[in-house]
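Letter by letter, the chains look like this.
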Amino acid sequence: MTPELEQPLDRLNRNDRPPTEADLRALLEVQGDDLRELYARADEVRRRAVGDEVHLRGIIEFSNYCHRRCDYCGIRAGSPGVKRYRMAPDEIVAQAVQARDWGFGTVVLQSGEDPWFTTDRVCDLLEKIKAEAGLAVTLSIGERPADDYSRFRAAGCDRYLLRFETSDRELFAKIHPDDDYDGRLACLDQIRAAGIQVGSGFMIGLPFSGLDVLARDLLFATQLDLDMIGCGPFIAHPDTPLGGHPAWADREIYFKAIALLRLMNPLSHIPATTAFDALCPNGRDLVLTRGGNVFMPNITPVAYRALYQLYPNKPCVDEDGGACARCIVRRLERLKRPPARGRGDSVKRGKGNG
Ligand code: SAH
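Keep in mind that this is a model prediction, so the values were computed, not measured.

## Points about the overall build of the chain
The number of helices and strands found in the chain is 14 helices and 10 strands. A globule of 354 residues ought to have a C-alpha radius of gyration of about 20 Å, and the chain, at 19 Å, matches this closely. With the principal axes as the frame, the chain shows a C-alpha extent of 60 × 40 × 40 Å. In the chain, buried positions account for 59% of the 354 residues. Once local pairs closer than 6 in sequence are excluded, the contacts in the chain between residues at least 24 apart make up 75%. Surface exposure of the chain reaches about 14,100 Å², of which carbon and sulfur atoms provide 50%.

Below is the structure:
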């Protein structure tokens, strides 16, 4: 590593001298041998801290109804041409049972912010999945009233995924016409207080952002002390207000962000998020070799997949869950990484407790 980069690298995981925005800016610009070394170090820290096993979380996208109008999202309220669907609770439970039979330890339930799924209905769903499939359950259903999270926890919710999307207050306001930055962060506190493992993160390369925002996002995600950090590239959806904004030309930036997250957060779970495959065909595999240790195969029934298009070029829209489960096994074999068995709880705080 070039000598002047050694100090910023050293500070990445030191409490006495934490990294600065300038450190991260410098590390986001590394090239050539330095870049290869950055990736190798992230891979090594991942191996030592969380091991070679890759946790598999089957994701069921159970409703694309949404009452919000986030400027980047293909299923935002009022978006023309989106055919809406909502899986029946029994259909979701059946899919979770199927996930267990495919060997997954966790199921992730994701949707738009769909008011049909009241607190009672979500709790009922959680209880049924626990009773019939016995899996760890992650919810990713957006912002809920403060009291919901403890009720979800009591009904069996183990983890909750709610990205902060960007740490830049002004940018957050600009791209969320009906959402509030402080309200979003308050939800993360409430989720944690309810005893649920917390996942959050941000989109890399949002319009109107540059390396300065990315450096601050990396620091902010680290300050939140997350059990899981989920980040992926922003991919423009043509039918949204941000449709005209291309991805960053330098694709390495997206992967550098993951490597730096791993170096700063050795014990967090870091998924290879689906949007990386929309960026380049083997994007998710590359994330797993540059700090990632979680893979989230899509197990949404095939009839609904094409309708849950947060962004275009989403992979695997015409495959069923079984095909995705087999595909990930092959991908992991190529990477010489074993699939993890079991629930894959946070390694940060001990089993079953945040
Ligand atoms: N309604 C839930 C789930 C949202 S979808 C919630 O609000 O948490 C999950 C994530 O997809 C979002 O948090 C966002 O970061 C990401 N996403 C949405 N549109 C995207 C786009 N155009 N490109 C990349 N990621 C996108």
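So much for the structure itself; the text now carries on.
## Some details on the site of the ligand
Inspection of the region around the ligand gives 16 residues, with Tyr 72, Ser 111, Arg 163, Glu 165 and Ile 235 positioned closest. Between the ligand and Ile 235 there is a distance of 2.8 Å, counted from a nitrogen atom to a backbone nitrogen or oxygen. Leu 310 has a polar backbone atom sitting 3.5 Å from a nitrogen atom of the ligand. Among the cavities detected, the one that contains the ligand is the largest cavity. The residue makeup of the shell around the ligand, split by class, is nine nonpolar, five polar and two charged.

## Quick notes on the packing of helix H4 (residues 89–102) against helix H5 (residues 119–132)
Interaxial distance between H4 and H5 falls to 9 Å at its minimum, and their mutual angle equals 30 degrees. As for the relative orientation of H4 and H5, their crossing is right-handed in sense. Packed against H4, whose contacting residues are Pro 89, Asp 90, Ile 92, Val 93, Ala 96, Val 97 and Arg 100, the element H5 presents Leu 125, Lys 128, Ile 129 and Glu 132 at the interface. Per-class residue counts for the contact of H4 with H5 are seven nonpolar, no polar and four charged.

## Notes on the nonpolar core
Core analysis: the biggest nonpolar cluster contains 106 residues, and Leu 109, Ile 129, Phe 152, Tyr 160, Leu 214 and Leu 218 have the highest contact counts within it. Not counting residues within four places of it along the chain, the set of residues in contact with Leu 218 comprises Leu 24, Leu 28, Phe 202, Ala 257, Leu 260, Leu 261 and Met 264. Listed in part, the six residues of the second largest apolar core include Ile 59, Leu 161, Met 228 and Met 296.

## Considering helix H3 (residues 32–50)
Each α-helix turn comprises 3.6 residues. Residues three or four places apart therefore point the same way. For H3, which comprises 19 residues, the first-to-last C-alpha distance of 27 Å matches the rise-based estimate of 27 Å (1.5 Å per residue) to within 8%. Residues of H3 that are buried include every one of Asp 34, Leu 35, Leu 38, Tyr 39, Ala 42, Val 45, Arg 46 and Val 50, and no others. Considered in projection along H3, the buried side chains sweep an arc of 140 degrees and stay on one side of the axis. In H3, the exposed residues that point more than 90 degrees away from the buried face are Asp 33, Arg 36 and Arg 48. Against helix H1 (3–11), helix H2 (21–28), helix H10 (252–264) and helix H12 (283–288) lie the buried residues of H3. Among the residues trailing H3, Gly 51 stands out with phi positive, at a value near 85 degrees.

## So, the pattern of salt bridges
For the structure on display, the rule yields 37 salt bridges. Between Asp 101 and Arg 100 there is a salt bridge, and its shortest N-O distance comes to 3.2 Å. Arg 100 gets classed as partly exposed once you look at its relative accessible area, which sits at 36%. Of the charged contacts in the structure, one is a salt bridge between Arg 284 and Asp 277, with a shortest N-O distance of 2.9 Å.

## Focus on the pairing of strand S5 (residues 197–200)
Of the two faces of S5, the one holding Gln 197 and Gly 199 and the one holding Val 198 and Ser 200 are both buried throughout. Here two bridges tie S5 to strand S7 (residues 228–229), and the two strands are oriented parallel to one another. By the bridge assignment, Gly 199 is partnered in S7 with Met 228.

## Comments concerning helix H14 (residues 321–335)
Compared with the 21 Å implied by 1.5 Å per residue over 15 residues, the 21 Å span of H14 between its first and last C-alpha is a close match. Residues of H14 that are buried: Gly 321, Gly 322, Cys 324, Ala 325, Ile 328, Arg 331 and Leu 332. Contact partners of the buried residues in H14: strand S1 (55–63), H4, helix H11 (275–279), H12, strand S10 (294–295) and helix H13 (302–305). Regarding H14, its N-cap is Asp 320, as a side-chain oxygen of that residue lies 3.2 Å from the backbone nitrogen of Gly 322 further along.

## Some points on the state of the cysteines
Enumeration according to the criterion identifies zero disulfides in this entry. In this structure Cys 187 is a free cysteine whose sulfur lies 13 Å from that of Cys 70, the closest cysteine sulfur available. The buried category is assigned to Cys 187, whose relative accessible area is 4%. For the unlinked cysteine Cys 231, the closest cysteine sulfur is that of Cys 280, found at 16 Å.

Rules used in this analysis
- Residues numbered from 1 in each chain as written.
- Predicted model: local features only at pLDDT ≥ 70, side-chain atom pairs only at ≥ 80, totals over all residues.
- Heavy atoms only, no water.
- Helix = DSSP H or I, 4+ residues; strand = E, 2+ residues; numbered from the N terminus.
- Rg over C-alpha atoms; globule rule 2.2 N^0.38 Å.
- Buried < 20%, exposed > 50% of the residue type's maximum accessible area, 1.4 Å probe, protein only.
- Contact = heavy atoms within 4.5 Å.
- Areas by Shrake-Rupley, 256 points an atom, 1.4 Å probe, with all protein chains shown as cover.
- Near = heavy atom within 4 Å.
- Polar contact = N/O pair within 3.5 Å; in protein donor to acceptor, adjacent residues only side chain to side chain.
- 1 Å grid on protein atoms, 1.4 Å probe; cavity = no way out; pocket = protein on both sides within 12 Å on 5 of 7 lines; lining within 4 Å.
- Sits in = over half its atoms within 2 Å of the grid points.
- Nonpolar A, V, L, I, M, F, W, Y, C, P; charged D, E, K, R; others polar.
- Axes fitted to C-alpha atoms, helices over the stretch in contact; angles between N-to-C directions.
- Left-handed = near helix turned anticlockwise from the far one by under 90°.
- Core = buried A, V, L, I, M, F, W, Y, C linked by side-chain atoms within 4.5 Å.
- Expected span 1.5 Å × (residues − 1).
- Arc of directions from axis to C-beta.
- Salt bridge = Lys/Arg side-chain N within 4 Å of Asp/Glu carboxyl O.
- Pairing = 2+ DSSP bridges.
- Disulfide = S-S within 2.5 Å.

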